[in-house]
Amino acid sequence: MSEERMLEHALPELAEARGDLQKLTMRESVVRFYARHEARLNNAVQTSSQALACEAGCSYCCRQFEVVAHPFEVFEVQAYVTKHFTPEQLRSVMERATRNVNERKAATEADRLTLRPTCPFLVNHSCSVYAARPSVCRNYHSTDKDNCQKAFEDPFSTWPNTYADEVFHTAMGSAAGFKKAVEELGLDTRAYHLSAAFLEAMRSPDSAKRFKSGKRAFLKATTSSFEEGSGS
Ligand code: SF4
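Engineer: Can you lay out the nonpolar core for me, pointing to particular residues and giving the numbers?
Structural biologist: If you look at the biggest cluster of nonpolar residues, it comprises 38 residues, and the most contacted ones within it are Met26, Phe121, Val182, Phe198, Phe211 and Phe218. For this core, the secondary structure elements donating two or more residues are helix H1 (3-23), helix H2 (26-47), helix H3 (71-84), helix H4 (87-106), helix H8 (165-184) and helix H9 (194-203). Residue contributions to this core peak at six residues, all from H9. When residues of this core are sorted by domain, at least three fall in each of domain 1 (1-50 + 165-184) and domain 2 (53-163 + 186-232). Residues in contact with phenylalanine 211, not counting those within four places in the same chain, are Met26, Pro71, Phe72, Phe75, Val182, Leu187, Asp188 and Ala217. In this structure, Leu41, Ala164, Val167 and Ala171 belong to the second largest nonpolar core, which totals five residues.

See the structure below:
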């Protein structure tokens, strides 16, 4: 990955995000960031010389590793679920998230490397929170579905590296720009495991209060070193 190419997309986003975060709420700013992010990605996809293999109904990347999300993204998922899910859907997603958390807790460090948890928001091979999905879910664009399948089926494999280069740099840069602007406000930008963080957000209104006051948003949810963040 080229840092220089990432910065090309990170710096414009950082400037836009700083402006938004000064005058808008965090949620309004996140919604505007996602719109800019999608526009940048669409543009990169259209101008890329690499054909994408991603298609509706393919969900290997939702069943590879446990998804991580920053608190500002977790609260967006929580708001979406609270607004759109029926009580039955809510009960089911809470159950699936709890199962993921328990499975992770019961696993040894070595076992965790080979866990292939299905994201609790995946329903019939589709994302049930698509409009509010975290940026990590928006960022990966594969050029080889077979490689994604292989990475899913081989428990010792690493993440497939058949990504579309320009789309990947655009995505990583744009997401890093927004995260940096949140970090500059002294807010928690750790990357939490989504299942656990979502459950905590749903069960404890204090997590949002802690986030707003610059503290660690989630006390029980584990964080990932896969994508670093910061916070006090
Ligand atoms: S939030 Fe949606 S897109 Fe992201 S891993 Fe879960 S089901 Fe897939």
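Don't stop here, the text continues.
Engineer: Can you lay out the packing of H1 against H8 for me, pointing to particular residues and giving the numbers?
Structural biologist: At a closest axis distance of 7 Å, the pairing of H1 and H8 adopts a crossing angle of 35 degrees. The crossing of H1 and H8 is right-handed. Counted by class, the contact of H1 with H8 contains ten nonpolar, six polar and seven charged residues.

Engineer: Break down the layout of surface pockets for me, with residues and values.
Structural biologist: Of the voids in this model, the second largest pocket is the one considered here, and its volume is about 360 Å³. Taken together, 16 residues line the second largest pocket, and the ones lying closest to its centre are Val101, Lys105, Ala196, Lys220 and Ala221. In terms of residue count, H4 provides more of the lining of the second largest pocket than any other element does, five residues in total. Class assignment of the residues belonging to the lining of the second largest pocket gives a composition of five nonpolar, four polar and seven charged.

Engineer: Describe in detail the packing of aromatic side chains, supporting the description with residues and values.
Structural biologist: To describe a pair of aromatic rings, you give the distance between the ring centres and the angle between the ring planes. Under the counting rule described, the total for this entry stands at nine aromatic pairs. Both rings, one in phenylalanine 72 and one in phenylalanine 178, keep their centres 5.1 Å apart while their planes meet at 65 degrees; by these two values the pair is edge-to-face. Within this pair, whereas phenylalanine 72 is found in helix H3, its partner phenylalanine 178 is found in helix H8, the two being separated by 106 residues in sequence. The residues phenylalanine 72 and phenylalanine 178 share a single accessibility class, namely buried. Centroid distance phenylalanine 75 to phenylalanine 218: 5.5 Å. Interplanar angle 40 degrees. Geometry classified as tilted.

Each value, and the rule that gives it
- Residues numbered from 1 in each chain as written.
- Predicted model: local features only at pLDDT ≥ 70, side-chain atom pairs only at ≥ 80, totals over all residues.
- Heavy atoms only, no water.
- Core = buried A, V, L, I, M, F, W, Y, C linked by side-chain atoms within 4.5 Å.
- Buried < 20%, exposed > 50% of the residue type's maximum accessible area, 1.4 Å probe, protein only.
- Helix = DSSP H or I, 4+ residues; strand = E, 2+ residues; numbered from the N terminus.
- Domains from an automatic or database assignment.
- Contact = heavy atoms within 4.5 Å.
- Axes fitted to C-alpha atoms, helices over the stretch in contact; angles between N-to-C directions.
- Left-handed = near helix turned anticlockwise from the far one by under 90°.
- Nonpolar A, V, L, I, M, F, W, Y, C, P; charged D, E, K, R; others polar.
- 1 Å grid on protein atoms, 1.4 Å probe; cavity = no way out; pocket = protein on both sides within 12 Å on 5 of 7 lines; lining within 4 Å.
- Points joined across faces, edges and corners; volume = space filled by probe spheres on them.
- Phe/Tyr/Trp six-rings, centres within 6.5 Å; stacked < 30°, edge-to-face > 60°.

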